[in-house]
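# Structural features, examined
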Amino acid sequence: MQTIWLSGAEWLAVLRIGLGLWWLESWRHKDKKGWFERGTGIAWAADVAGKHRWGVVRTGFRRVVEPRPKAMAYLVVYAELALGLGLVSGFLTPVALVAGLLLNLLYLVLMIHVWAEQGQNAMMALISLVALFAMAWQTWSLDSALGLFP
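Let me sum up the structure you'll find in this document. (Residues numbered from 1 in each chain as written. Predicted model: local features only at pLDDT ≥ 70, side-chain atom pairs only at ≥ 80, totals over all residues. Heavy atoms only, no water.)

### Some points on unusual backbone geometry
One non-glycine residue, Met135, lies in positive phi territory at about 55 degrees. For Phe149, which is not glycine, the phi torsion reads 50 degrees and is therefore positive. Turning to its location among the elements, Phe149 is positioned in the segment after helix H8 (142-146). (Helix = DSSP H or I, 4+ residues; strand = E, 2+ residues; numbered from the N terminus.)

Spelled out as structure tokens, the structure:
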């Protein structure tokens, strides 16, 4: 593989780190007080799920998320932080990439009719898939330094 400036593995590390920074920005810009104290994030998602044309989404949200809104708010917010930190540092990278891919797919399905969100979730899922199959933890990562996931 020929590349300009960096090696292929280094460009994959740049892609991985960029995805991690995207997750960190998702975490940073959230109104944590609103999410944790007023339940704004889960309330918004409940509204989206309640109007969803796919019954499985409405039912799944009602059964899994609605009974535990506070726990789900913490789960979503801190999952985004953990994904960002894991991808930027390259620690447990394959785990972070799979978890991020699944979270983006959940977001994609929940917000299938919210066009403003589709591009972001689709691109983040694609980057996760490429970084996972190209093993983007081989360079500039704690995984590489620690000899994890050879």
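### Details of the side chain of Asp143
Among the secondary structure elements, Asp143 is positioned in helix H8. Summary of buried charges: Asp143 has no salt-bridge partner, and the nearest side chain of opposite charge, Arg16, is 7.0 Å away. A polar contact is formed between the side chain of Asp143 and the side chain of Thr93, at a distance of 2.6 Å. The contacts of Asp143, once residues within four sequence positions are left out, are Gly90, Phe91, Leu92, Thr93, Pro94, Trp137, Leu148 and Phe149. (Buried < 20%, exposed > 50% of the residue type's maximum accessible area, 1.4 Å probe, protein only. Lys, Arg positive; Asp, Glu negative; His and termini not counted. Salt bridge = Lys/Arg side-chain N within 4 Å of Asp/Glu carboxyl O. Polar contact = N/O pair within 3.5 Å; in protein donor to acceptor, adjacent residues only side chain to side chain. Contact = heavy atoms within 4.5 Å.)

### As for the nonpolar core
With 30 residues, the main nonpolar core has Leu19, Trp23, Trp35, Ile42, Leu97 and Leu110 as its most contacted residues. Of all the secondary-structure elements, those providing two or more residues to this core are helix H1 (8-28), helix H2 (32-38), helix H3 (40-50), helix H4 (55-65), helix H5 (69-89), helix H6 (93-110) and helix H7 (115-133). With six residues, the single largest contributor to this core is H5. If sequence neighbours within four positions are ignored, Trp35 has contacts with Lys30, Thr40, Gly41, Ile42, Ala73, Val76 and Val77. (Core = buried A, V, L, I, M, F, W, Y, C linked by side-chain atoms within 4.5 Å.)

### Points about a nonpolar patch on the surface
A cluster of nonpolar residues, Phe91, Leu92, Val95, Leu142, Leu146, Leu148 and Phe149, forms a patch on the protein surface that exposes about 580 Å² of accessible area. Secondary-structure assignment places Leu92 in the loop between H5 and H6. (Patch = residues over 30% accessible without salt bridge, like charges linked within 9 Å, V, L, I, M, F, W, Y side chains within 5 Å. Areas by Shrake-Rupley, 256 points an atom, 1.4 Å probe, with all protein chains shown as cover.)

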